[in-house]
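Secondary and tertiary structure notes
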Amino acid sequence: MPGLDGGSAAEKAQRLLDSMDAMDQMMTLFYQHKGLTNLDGAGSANRLPSQHLNIRYMRMFAGAFMYAAGNHIGIGWDSVMGLAQGSPVVLDEDGRYQSGSFFGWGIAHEIGHNINQSSYAVAEVTNNYFSQISQIQEGVRFGYDAIYNKVTSGTLGAAGDVFTQLGLYWQLHLAYDTGYEYQIYDDYNTL
């Protein structure tokens, strides 16, 4: 299978299993950041969706390389190989990132479109919150100078670019979340 690189069949199988474990971990992380889990105490309103998110190869259109639609994400052929190259994220005892990798900005962006709710979604901003979480070990994709200029400008309304809007939205995470970005909780009361 392209994307698994060289090695024995057992080594390729292990890399594929690691990648699937990383995808499960990433989805758990995203849903927990959204406040959804199947942990005891979550209540029926905070349960994970009962449907699966289907990620599959699709023929692309109009220059796209991925898209989100309905309950699936379509990925162009050149991007499919990246789905076999994830590795579970390992944290230290305090919940800080140590190693591992998820699947890139694009797939997290499309997953964000699918798991956002219309009641709070700001297209191309709130879905990128999940992309930022998945790639935080690489740094942020917004400039703090632009955020400062927006906040101190005295203007009303949304910022002129999506990354400044994402940075403003990200500040809520920095201000109110008590754990690090990759931390997955095993107790609903600490979520």
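Residues numbered from 1 in each chain as written. Predicted model: local features only at pLDDT ≥ 70, side-chain atom pairs only at ≥ 80, totals over all residues. Heavy atoms only, no water.

**Looking at the pairing of strand E4 (residues 87-91)**
- Strand direction decides the pairing type here: E4 and strand E5 (residues 97-101), joined by 3 bridges, are antiparallel. Paired with Val 90 across the bridge in E5 is Ser 99.
- Here E4 folds back onto E5, and the loop between the two strands holds 5 residues, one of which, Gly 95, carries a positive phi near 95°. (Pairing = 2+ DSSP bridges. Helix = DSSP H or I, 4+ residues; strand = E, 2+ residues; numbered from the N terminus.)

**Observations concerning helix H4 (residues 126-134)**
- Most of H4 sits inside the fold, with 9 of its 9 residues counted as buried.
- Buried within H4 are the following residues: Thr 126, Asn 127, Asn 128, Tyr 129, Phe 130, Ser 131, Gln 132, Ile 133 and Ser 134.
- Elements in contact with the buried residues of H4: helix H1 (9-34), helix H3 (105-115) and helix H6 (162-176). (Buried < 20%, exposed > 50% of the residue type's maximum accessible area, 1.4 Å probe, protein only. Contact = heavy atoms within 4.5 Å.)

**Structural notes on the nonpolar core**
- Counting residues in hydrophobic clusters, the biggest one holds 30 residues, and the most contacted among them are Phe 30, Phe 102, Phe 103, Ile 107 and Ile 111.
- Put simply, the parts of the chain that give this core at least two residues each are H1, strand E3 (72-75), H3, H4 and H6.
- The element that contributes the greatest number of residues to this core is H1, accounting for 7 residues.
- Contacts of Ile 111, omitting those with residues within four sequence positions, involve Met 23, Met 26, Met 27, Phe 30, Leu 53, Ile 55 and Ile 73. (Core = buried A, V, L, I, M, F, W, Y, C linked by side-chain atoms within 4.5 Å.)

**Some remarks on the packing of aromatic side chains**
- All chains considered together, the criterion is met by 10 aromatic pairs.
- Ring centres 5.4 Å apart and planes at 55° place the aromatic pair Phe 61 and Tyr 67 in the tilted group.
- For Phe 61, a relative accessible area of 45% corresponds to the partly exposed category.
- Overall, Tyr 67 belongs to the buried group, its relative accessible area being 14%.
- Ring centres of Phe 102 and Tyr 182 lie 5.7 Å apart, and the angle between their planes is 55°; on these two criteria the pair is classed as tilted. (Phe/Tyr/Trp six-rings, centres within 6.5 Å; stacked < 30°, edge-to-face > 60°.)

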